[in-house]
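One-letter residues, chain by chain:
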Amino acid sequence: MTSAETPVLILLGPPGAGKGTQARMLEEEQGLVQLSTGDMLRAAVAQGTPAGLAAKAVMEAGALVSDEIVLAILQERMAQPDCARGIILDGFPRTDGQAAALEQLLADQGLRITAAVSLEVDDEAMVGRVSGRYSCAKCGEGYHDSFRQPAHAGTCDKCGASEMKRRADDNATTVRERLKAYHAQTAPLIAFYEAKGVLQRIDAMAAIDEVRSALGRVIGRVAV
Ligand code: AMP
């Protein structure tokens with residue numbers, strides 16, 4: 001990456017808040033690169049890498065993977081040239097240690113945080129949102145048992161593929177553990193970014209398109 005003008009957005013919020021959905025839309029609409037540490041870890045698990053083997057049980061329990069593993073995986077991805085377009089950090093940082101490491105990582109590359117956006121939601125609603133969700137195995141388009149079914153059952157509206165997948169940790173028991181981890185370890189970062197003057201709050205109980213517009217306004221305001 002190159003300069004302080006390169007957009008660096010952080011999306012904060014509990015599981016189900018819509019970080020991934022909004023990051024994908026920002027990627028498509030604004031040309032930024034979505035960096036989801038959850039996606040990177042799931043890929044490492046699927047490939048059976050040492051990091052993936054270490055992370056698998058932790059993820060299935062709904063706890064946080066060690067800072068060491070997550071930072072190594074993120075740092076490698078951030079070194080790739082496409083990140084020069086600007087990045088959306090989706091699900092990172094999640095601990096004080098990760099936030100401190102990110103400061104250093106960005107400073108080393110002459111970058112700074114454009115905005116940290118807190119997607120504010122109601123916890124109980126998140127259990128329902130996350131438990132029913134699934135996605136297209138090919139293009140990643142998101143669906144939900146109750147809120148958003150494809151027009152033809154089992155066929156992706158976007159790319160026509162017929163294989164859908166569900167995450168192993170998207171069940172009610174694990175979601176509650178993930179919510180606990182969020183409140184204990186990640187929510188304190190909201191105050192950290194507020195003190196730095198880069199925090200923006202968005203009501204993410206609103207419809208996806210409303211959240212997307214609010215996010216667009218935040219980004220417009222911070223000159224992406
Ligand atoms: P996500 O896809 O962001 O919901 O992440 C799924 C799971 O991956 C989390 O419940 C954690 O176990 C792990 N994970 C993802 N990102 C991080 C991170 N930044 N720090 C620690 N664990 C993470």
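Here, every reference points to the structure presented above.
The model shown is predicted, which means the values in this text are computed figures rather than measured ones. (Residues numbered from 1 in each chain as written. Predicted model: local features only at pLDDT ≥ 70, side-chain atom pairs only at ≥ 80, totals over all residues. Heavy atoms only, no water.)

### As for the overall build of the protein
Helices and strands together make up the secondary structure of the protein, namely nine helices and eight strands. Projected onto the principal axes, the alpha-carbon positions of the protein cover approximately 45 × 40 × 35 Å. Within the protein, the fraction of its 224 residues that count as buried is 45%. For the protein, the proportion of contacts with a sequence separation of at least 24, taken over those separated by at least 6, is 70%. Of the roughly 10,700 Å² of accessible surface on the protein, a fraction of 52% belongs to carbon and sulfur atoms. The average position of the 24 basic charges and that of the 29 acidic charges among the side chains of the protein differ by 2 Å. (Helix = DSSP H or I, 4+ residues; strand = E, 2+ residues; numbered from the N terminus. Buried < 20%, exposed > 50% of the residue type's maximum accessible area, 1.4 Å probe, protein only. Contact = heavy atoms within 4.5 Å. Areas by Shrake-Rupley, 256 points an atom, 1.4 Å probe, with all protein chains shown as cover. Lys, Arg positive; Asp, Glu negative; His and termini not counted. Charge placed at Lys NZ, Arg CZ, Asp CG, Glu CD.)

### Some words on the packing of helix H6 (residues 123-131) against helix H7 (residues 172-186)
Packing of H6 against H7 leaves a shortest axis separation of 9 Å and a crossing angle of 135 degrees. One way to sum up the angle between H6 and H7 is to call them oblique. Judged by the twist between their axes, the crossing of H6 over H7 is right-handed. Contacts between H6 and H7 involve Asp 123, Glu 124, Met 126, Val 127, Val 130 and Ser 131 from the former and Ala 172, Val 175, Arg 176, Arg 178, Leu 179 and His 183 from the latter. Looking at side-chain class alone, the contact of H6 with H7 contains six nonpolar, two polar and four charged residues. (Axes fitted to C-alpha atoms, helices over the stretch in contact; angles between N-to-C directions. Parallel < 35°, antiparallel > 145°, perpendicular 65-115°, else oblique. Left-handed = near helix turned anticlockwise from the far one by under 90°. Nonpolar A, V, L, I, M, F, W, Y, C, P; charged D, E, K, R; others polar.)

### Focus: the site of the ligand
The environment of the ligand is made up of 16 residues, and the closest members are Thr 37, Arg 42, Ala 63, Arg 94 and Gln 98. Measuring from a nitrogen atom of the ligand, one finds a side-chain N or O atom of Thr 37 at 2.8 Å. Between the ligand and Arg 178 there is a distance of 3.3 Å, counted from an oxygen atom to a side-chain nitrogen or oxygen. The protein chains hide 96% of the 480 Å² of surface that the ligand would expose on its own. Counting residues per element, the shell around the ligand draws most heavily on helix H2 (residues 37-47), which supplies four residues. Here the residues of the shell around the ligand sort into seven nonpolar, four polar and five charged. (Near = heavy atom within 4 Å. Polar contact = N/O pair within 3.5 Å; in protein donor to acceptor, adjacent residues only side chain to side chain.)

### Observations regarding H7
For an α-helix the count is 3.6 residues per turn, leaving residues at separations of three or four pointing the same way. The terminal C-alpha atoms of H7, which comprises 15 residues, lie 20 Å apart, in line with the 21 Å expected from a rise of 1.5 Å per residue. The set of residues buried in H7 consists of Thr 174, Val 175, Arg 178, Leu 179, Ala 181, Tyr 182 and Thr 186. In a view along the axis of H7, the buried residues occupy a sector of 160 degrees, so they form one face of it. What points out from H7, more than 90 degrees from its buried face, is the exposed set Thr 173, Lys 180 and Ala 184. Each element contacted by the buried residues of H7 is listed here: strand S1 (8-12), helix H3 (50-61), H6, strand S5 (133-136) and helix H8 (188-196). (Expected span 1.5 Å × (residues − 1). Arc of directions from axis to C-beta.)

In short, the description is geometric, and any link to function would need to be established separately.
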